[in-house]
Amino acid sequence: MSKVFITADQHFNHQRMIVLANRPARNAAEMDRLLRDSWNAVVRPNDLVYHLGDLAWGTAEEACNIILQLNGTIKMIKGNHDRWLKNAPDELFTSGKLELLPDLYKLKYNSTSIWLCHYPLRCWEGNFKGAMHLYGHVHGNIESERLPRSMDVGVDAAGPYPLYIGDIWTKINKDP
């Protein structure tokens, strides 16, 4: 049975992220290898990964090369640094490896609405009725301002591994 994972903000091929996010790598190639190996350690080929933006930096060719090394099918919300998407080859999408989602996407898990977006929201449909919100973009920098039933799933906040949706759901349900 396939599993569902959620992640954001790998910034593959983005040398400056090592300094900006204090990542444990000497160069972009080492960072990319660490992130790719972490991804593939938990995600199997038949799994599904919701990616909440800023997957890669650089050219479409560089981004596609990395995507093809990642396990699973990726459903992606475009982040502000995913400029490579405008030049991505059609084969990436027609192959089923990558699917683009709208900027705000509602996922259902255990009868709970989970709103996915690259950016953190202050309010979302159903937030006072149990709905959850997952986001990236802020690299763990607003944890003190995080709203209940929301979570930064980016690698700099949550760790280098894509997060299993069941673990996210359990953690958020423990929020006061």
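Please read these numbers as outputs of a predicted model, since none were measured by experiment.

Colleague: Give me the lowdown on the pattern of salt bridges, citing residues and values where you can.
Modeller: Between side chains of opposite charge, a pair can form as their charged atoms come close. Applying the stated criterion across every chain yields a total of 5 salt bridges. As a salt-bridge pair, arginine 26 and glutamate 30 come within 2.9 Å of each other at their nearest N and O atoms. For arginine 26, a relative accessible area of 71% puts it in the exposed group. A relative accessible area of 18% means that glutamate 30 is categorised as buried. For glutamate 143, the salt bridge identified is with arginine 146, shortest N-O distance 2.9 Å.

Colleague: Please provide a residue-by-residue account of unusual backbone geometry, values included.
Modeller: Although it is not a glycine, aspartate 9 adopts a positive phi angle of roughly 65°. With respect to the element layout, aspartate 9 can be found in the loop between strand 1 (4-7) and helix 1 (17-20). One non-glycine residue with positive phi stands out, namely aspartate 54, at about 60°. Checked against the element boundaries, aspartate 54 lands in the loop between strand 2 (48-51) and helix 3 (60-67). Its relative accessible area of 1% is what places aspartate 54 among the buried residues.

The rules behind these values
Residues numbered from 1 in each chain as written. Predicted model: local features only at pLDDT ≥ 70, side-chain atom pairs only at ≥ 80, totals over all residues. Heavy atoms only, no water. Salt bridge = Lys/Arg side-chain N within 4 Å of Asp/Glu carboxyl O. Buried < 20%, exposed > 50% of the residue type's maximum accessible area, 1.4 Å probe, protein only. Helix = DSSP H or I, 4+ residues; strand = E, 2+ residues; numbered from the N terminus.

Everything listed here is a matter of geometry and, on its own, says nothing about what the molecule does.
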